[in-house]
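# Overview (structure and organization)
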Amino acid sequence: MHDREVSQIVEAVVKEISINESGKRMTLSLAKKLAEKVEAKAKEIGVNAVVAVSNSGARPVLVECMDDSYIASYDVAFQKAYTVVALKMSTTELKKLSQPGGSLYGIQFTNNGQIVIFGGGVPLIANGKIIGGLGVSGGSEEQDTFLAEYGGSIFEGLINNME
């Protein structure tokens, strides 16, 4: 097999993975539109947030830091976007399961510490399939959760308007 054939095969596999069963995929353009909406809502409620968007493989597509956001919020938002894709649930839902006595107690110590077990992360769903994750950090847990859930609620409308 020649290098060109190998490259074509790899390219085809990557394309197949990035466009999952829903037929939709996370793009930078879509991530920017989502971040813009979440940041506008954050500004409305007085939060200087960091907004992170990952793709269906839990890899970063975008991380934006609003002016005067906390330095620590960068990693937190990034890891929330990872967590929701890696575990296919919101970080709020995971919080309940990871409490002492819960079925996922201690999970935050796995995956090299990348798992976040408090609110502010939601899976991004299109046609019933997770195509990415949204992580928001910068306010209280309640504010981060509100902003992430807001982003999740408007996401399908954003993706459908881009077609």
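Here goes a summary of the coordinates provided. What you see is a predicted model; the values in this text were computed from it and never measured.

## Considerations on unusual backbone geometry
- Although it is not a glycine, K88 adopts a positive phi angle of roughly 55 degrees.
- As for its placement among the helices and strands, K88 is situated in the loop between helix 3 (72-87) and helix 4 (91-97).
- Judged by relative accessible area, K88 falls into the exposed class, the value being 64%.
- You will see that N112, though not glycine, has its phi angle at about 55 degrees, which is positive.
- Using a relative accessible area of 79% as the deciding quantity, one classes N112 as exposed.

## Regarding helix 2 (residues 28-45)
- Its 18 residues give helix 2 an end-to-end C-alpha distance of 26 Å, which sits within 8% of 26 Å, the value for a rise of 1.5 Å per residue.
- Restricting attention to buried positions, one finds in helix 2 the residues L30, A31, L34, A35, V38, E39, K41 and A42. In a view along the axis of helix 2, the buried residues occupy a sector of 160 degrees, so they form one face of it. Residues of helix 2 that are exposed and point more than 90 degrees away from the buried face comprise E36, K43 and E44.
- Among the structural elements, strand 1 (50-55), strand 2 (60-65), strand 3 (121-126), strand 4 (129-137) and helix 5 (141-161) are those in contact with the buried residues of helix 2.
- Downstream of helix 2 by a residue or two, G46 has a phi angle that is positive, lying close to 80 degrees.

Criteria and cut-off values
- Residues numbered from 1 in each chain as written.
- Predicted model: local features only at pLDDT ≥ 70, side-chain atom pairs only at ≥ 80, totals over all residues.
- Heavy atoms only, no water.
- Helix = DSSP H or I, 4+ residues; strand = E, 2+ residues; numbered from the N terminus.
- Buried < 20%, exposed > 50% of the residue type's maximum accessible area, 1.4 Å probe, protein only.
- Expected span 1.5 Å × (residues − 1).
- Arc of directions from axis to C-beta.
- Contact = heavy atoms within 4.5 Å.

Without other data, these values stay purely geometric and don't point to any function.
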